[in-house]
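Spelled out, the chains give:
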Amino acid sequence: MDEYKLEYGGFHVEIVNSELCSHIPTELDMGKVYARLIVDTLLPNEDYIQGLIRIYNDAICQVIDDYTNGAYYEPSYVIARAYKNGEF
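Residues numbered from 1 in each chain as written. Predicted model: local features only at pLDDT ≥ 70, side-chain atom pairs only at ≥ 80, totals over all residues. Heavy atoms only, no water.

Pairs may arise between side chains of opposite charge once their charged atoms sit close together. The final tally for this structure, using the stated rule, is 1 salt bridge. Notably, a salt bridge pairs R54 with E46, separated by 2.9 Å at the nearest N-O pair. By relative accessible area, which is 18% here, R54 ends up buried. (Salt bridge = Lys/Arg side-chain N within 4 Å of Asp/Glu carboxyl O. Buried < 20%, exposed > 50% of the residue type's maximum accessible area, 1.4 Å probe, protein only.)

With that out of the way, let us pick up a nonpolar patch on the surface. On the surface, M1, Y4, L6, Y8 and I49 cluster together into a nonpolar patch covering about 530 Å² of accessible area. Here L6 is to be found in the segment before helix 1 (27–40). Taking relative accessible area as the criterion, L6 reaches 38% and is therefore assigned partly exposed. (Patch = residues over 30% accessible without salt bridge, like charges linked within 9 Å, V, L, I, M, F, W, Y side chains within 5 Å. Areas by Shrake-Rupley, 256 points an atom, 1.4 Å probe, with all protein chains shown as cover. Helix = DSSP H or I, 4+ residues; strand = E, 2+ residues; numbered from the N terminus.)

Right, let's talk about helix 4 (residues 76–85) for a bit. By the burial criterion, the buried members of helix 4 are V78, I79, A80, A82 and Y83. Against the buried residues of helix 4 lie helix 1, helix 2 (48–56) and helix 3 (60–64). Note on helix 4: the residue one or two positions beyond its end, G86, has a positive phi of about 85°. (Contact = heavy atoms within 4.5 Å.)

Structure (structure tokens):
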């Protein structure tokens, strides 16, 4: 936390409309989505931690973490392309 100047957040993934989202992915499910996105978009000379920070500071996280829009369920290449294009 100190080395990369990370801050604690207050985001709770469980706060969703249950009528629109009947299944909330587990931490492992989400970890796999984000790990694939980080690896798929890793920049030259960038390590995994730098990639993680880059992705987690991007607006795409708000889209992926909103389980009512379907972005989480897209294949990894679609999510990576959306990240590179700046939108879904």
